[in-house]
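Working through the structure, step by step
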Amino acid sequence: MNIENILKYQKADKGLVDIENRLKKSPYKAKEAELQNTKKKATADYRDQEVRGQKFLKDFENIKKNFDMTEKKLKEILAKDVSSMSIEEIERTQAIKEKIEHNLKILQKMFKELDDGISSVTSERIKTVSAVNDSNAKIGLCKKKFEEEEQSLLPEKAKIEKDLKVLEKDVDSETMEKYRKKRQDGIFPVFVELEMGAYCGFCRMEQPKVALSHLKETGVITCEHCKRYIYAPKK
Ligand SMILES: [Zn+2]
């Protein structure tokens, strides 16, 4: 393995890593993620409001039925001919009438409460829909801004990629493959120098003695901790 050449390649590749990191940390990406969260929450709220709204409507129908029935009973009672009734019958009828009137008042109160509930759910839903629309518009804007950022980095990226193609010719295919695999796993730098005769140049983990003697033979070992390739510095 020719360490010098892969190190040259890695040095140039750092430019690409920087671009990738810059895009990964783009404020528009972060903002978009936040907006997607807001949208997700608003969408869940909307479903919840829909369920609540439907329940209110169902309750409303049930109470309406109950109200109509009770009102019909009252009309029947009011239509009775009182003159042919005994005193006891009149008293009983009177008591039923009062009870029905009381029930109607309760039902009316329930109507009012349901009506308030429906109004409040309706206004909540209007707000939720506007929150979703607002998020969508802003997400679109973030995406556009991010694309612009990406586009602006393209010439620099192309230049580095061109340089890498040239540098790659001096690296043996086995080393290149090893490098690419680590790089794809998000490991960078891939090759690091051994420090103070025993430590990984990236994570500072002390390497076992067996590995260090192996390093003398092969020129490269893998750090057990961070999985980077460690090479011995030139003397
Ligand atoms: Zn390490």
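Our structure's up above, just so we're on the same page.
I will try to describe carefully the structure that is included in this document. (Residues numbered from 1 in each chain as written. Predicted model: local features only at pLDDT ≥ 70, side-chain atom pairs only at ≥ 80, totals over all residues.)

In this section: the packing of helix 1 (residues 3-24) against helix 3 (residues 87-168). One can describe the packing of helix 1 onto helix 3 by two numbers: an axis separation of 9 Å at closest approach and a directional angle of 165 degrees. Our classification of the angle between helix 1 and helix 3 gives roughly antiparallel. Note that helix 1 runs across helix 3; the crossing there is left-handed. Residue-level inspection shows Lys8, Tyr9, Ala12, Asp13, Gly15, Leu16, Ile19 and Leu23 of helix 1 in contact with helix 3, the latter providing Glu149, Glu150, Leu153, Glu156, Lys157, Ile160, Asp163, Leu164, Leu167 and Glu168. Grouping the amino acids of the contact of helix 1 with helix 3 by side-chain chemistry returns 9 nonpolar, 1 polar and 8 charged. (Axes fitted to C-alpha atoms, helices over the stretch in contact; angles between N-to-C directions. Helix = DSSP H or I, 4+ residues; strand = E, 2+ residues; numbered from the N terminus. Parallel < 35°, antiparallel > 145°, perpendicular 65-115°, else oblique. Left-handed = near helix turned anticlockwise from the far one by under 90°. Contact = placed C-beta atoms within 7 Å. Nonpolar A, V, L, I, M, F, W, Y, C, P; charged D, E, K, R; others polar.)

You can see Gln94 is positioned in helix 3. Residue classification places Gln94 among the exposed residues on the basis of 12 C-beta atoms within 10 Å. Measuring from C-alpha to C-alpha, the distance between Gln94 and Val129 comes to 52 Å, with 35 residues separating the pair along the chain. (Buried ≥ 20, exposed ≤ 12 C-beta atoms within 10 Å, placed from the backbone.)

Before going further, it helps to examine unusual backbone geometry. Backbone geometry follows two general trends: most residues other than glycine have a negative phi, and most peptide bonds adopt the trans configuration. In this structure, the amide linkage connecting Phe188 to the following residue, Pro189, adopts the cis form with an omega of -10 degrees. Its location among the elements puts Pro189 in the loop between helix 4 (173-184) and strand 1 (191-195). In this model, Met196 sits at a positive phi of 50 degrees, which is unusual for a non-glycine residue. Structurally, Met196 is set in the loop between strand 1 and strand 2 (199-200). Among the residues examined, Met196 registers 9 C-beta atoms within 10 Å and is labelled exposed.

Okay, the sheet that holds strand 1 next. With mixed pairing, the 4 strands of this open sheet are ordered in space as 2-1-4-3. Single-partner strands in this sheet number two, and they are strand 2 and strand 3 (220-222). Sheet topology places strand 1 next to strand 4 (residues 229-231); 3 bridges connect them, and they run parallel. Bridge assignment links Phe191 to a residue of strand 4, and that residue is Tyr229. (Pairing = 2+ DSSP bridges.)

Limitation: the analysis is restricted to geometry and does not speak to function.
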